[in-house]
Each structure stands twice: as C-alpha cells, then as structure tokens.
Amino acid sequence: LRIWPYNDEGENNNNTDEVYYYPGHTGAIYDFCFSPDGNVLATGGSDSVVGLWNTEYMICTKNITNRTKFVRSVSFSKDSKLIANSTEEDGIDIANSSTGEHVGTIYLQANKRGGADEISFHPKEKHVLACVRCYTDLPPGSLPPPVAVAKWNFGEK
C-alpha cells in the first residue's frame, strides 16, 4: 500500500520523495475503501485476504481470510460496523469490521452460485448493490442481469 500526501492548493502533489509504504499483502491490492467514520481502511488483494487497517497509525490490525480467490471489491456499511467483500466465489461475505468475525453471506442467486465484481452498501438502507457474475443455465442468446440488489436481515455480531 502506498500513500502520497495531498493538499488542496495542488502544491507538491507530485513529490515522490514523500511516499509512504505500508506492507500488508503478499500480492497486489485490487480494491480499498475507507469506512464512513474514517477509522478503518479495508484492502482486498490477490492473496484472497481483506486487511483492516487502523487509519491513525496505518497498522493492519485484522485480516479476514475466509476466501480462496482474489478479493475484487470491499465496502463498508453506512455505520462502519460491517465490511463486505466479494470474489469470484459464491456470494458476498459480510464481517464485523472491528473483529473480522464472519457475520453472514449474501447469496446473489437462488442456486447460491456466482460472485460479484463490484459491491457497495446503500448509504441509508440495508442493501448491497452488486455487479453480479452469473453462472446459471440461461437460454442461448440471453444475457444475465448485470446488477443485483441484495437485501439482508441478519443480526450484527
């Protein structure tokens, strides 16, 4: 993970002498996002790990390791309590963003097959928007729906 300083005046924004490096994955990082409260940075990488970083000290405090394929997308709930991640594997994994503990899985199709390329929590409701990878037996010439909205109703842990 590399972080460059930025200022609103645009001065020294290209200064490569002020690059900060934070090792945390064994391969490339494919997605990252800050929690809405700004306290946690989530990173998802080619090592199939979601890293949860304390943003004050830029220390990776937790790893979520229950996936086996690279993490395509990460997203926080509006209250910063949950972190979702998606891979090519079936469903969207939901975990507690403080502990990394698995809370549940949102399956995007009735047959529980298919992952998502990109996910995002709705800013007000308990919905997750997902660009779906569909692996269904569709009639020849038909296209699967590219976007799905998943709604869940499981308790927070």
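Residues numbered from 1 in each chain as written. Predicted model: local features only at pLDDT ≥ 70, side-chain atom pairs only at ≥ 80, totals over all residues. Heavy atoms only, no water.

Trainee: Got a minute to help me understand the overall build of the protein chain in this structure?
Mentor: When you go through the protein chain residue by residue, the secondary structure sums to zero helices and 13 strands. Considering the protein chain as a whole, with its 157 residues, one finds that 38% of them fall into the buried category. Considering only residue pairs separated by 6 or more positions, the protein chain has 36% of its internal contacts joining residues 24 or more positions apart. For the protein chain, the computed accessible surface area is about 9,300 Å², with 50% contributed by carbon and sulfur atoms. (Helix = DSSP H or I, 4+ residues; strand = E, 2+ residues; numbered from the N terminus. Buried < 20%, exposed > 50% of the residue type's maximum accessible area, 1.4 Å probe, protein only. Contact = heavy atoms within 4.5 Å. Areas by Shrake-Rupley, 256 points an atom, 1.4 Å probe, with all protein chains shown as cover.)

Trainee: Where do I start with the pairing of strand β6 (residues 59-64) in this structure?
Mentor: Two elements, strand β5 (residues 50-54) and β6, share five bridges in a ladder whose sense is antiparallel. Bridge pairing in β6 links Leu 52 to Lys 62. Adjacent in sequence and paired antiparallel, β5 and β6 are bridged by four residues, among which Met 58 carries a positive phi angle near 50°. (Pairing = 2+ DSSP bridges.)

Trainee: What should I look at first to understand the sheet that holds strand β4 (residues 40-45) in this one?
Mentor: Either a parallel or an antiparallel arrangement is found when strands of a sheet pair, and the pairing is made through backbone hydrogen bonds. Taken together, the four strands give an open sheet; going across it, the order is β3-β4-β5-β6, and neighbouring strands pair in antiparallel fashion. One side of each edge strand has no neighbouring strand; the edge strands of this open sheet are β3 (29-34) and β6. Shown here is a sheet whose adjacent strand axes are inclined to one another by a mean of 25°, direction ignored. Relative to β4, β3 is paired through five bridges, and the arrangement is antiparallel. Bridge pairing in β4 links Phe 34 to Leu 41. (Axes fitted to C-alpha atoms, helices over the stretch in contact; angles between N-to-C directions.)

Trainee: Teacher, can you tell me more about the side chain of Ser 35 here?
Mentor: Mapping Ser 35 onto the fold places it in the loop between β3 and β4. At a separation of 3.3 Å, a polar atom in the side chain of Ser 35 contacts the main-chain amide nitrogen of Asn 39. Not counting residues up to four positions away in its chain, the partners in contact with Ser 35 are Val 40, Phe 76 and Ser 80. (Polar contact = N/O pair within 3.5 Å; in protein donor to acceptor, adjacent residues only side chain to side chain.)

Trainee: Which parts of the structure should I look at to understand the sheet that holds strand β7 (residues 73-76)?
Mentor: The four strands are arranged β7-β8-β9-β10 in an open sheet whose pairing can be described as antiparallel. Each edge of the sheet is formed by a strand with only one pairing partner; in this case those strands are β7 and β10 (102-106). The mean angle between the axes of side-by-side strands here comes to 20°, regardless of whether they run parallel or antiparallel.

Trainee: When you look at the pairing of strand β12 (residues 127-132) in this model, what are you seeing that I'm missing?
Mentor: Regular strands have side chains that alternate between both faces of the sheet. In terms of strand pairing, strand β11 (residues 116-121) meets β12 through five bridges, oriented antiparallel. Paired with Ala 116 across the strands is Val 132, a residue of β12. Where β11 hands over to β12, the hairpin turn is made up of five residues, counted between the paired strands.

Trainee: How should I be thinking about the packing of aromatic side chains in this particular structure?
Mentor: Given two aromatic rings, one states the distance between the centres and the angle between the planes to describe the pair. Overall, the coordinates contain one aromatic pair when judged by the stated rule. Pairing Tyr 30 with Phe 70 gives two aromatic rings, centres 4.8 Å apart and planes at 55°, and the pair type is tilted. Residue Tyr 30 is found in strand β3, and its partner Phe 70 is found in the loop between β6 and β7; the two are separated by 40 residues along the sequence. A residue is classified by how much of its surface remains accessible, and Phe 70, at 28% relative accessible area, is partly exposed. (Phe/Tyr/Trp six-rings, centres within 6.5 Å; stacked < 30°, edge-to-face > 60°.)

Take it as geometry only, folks, not as evidence of what the structure does.
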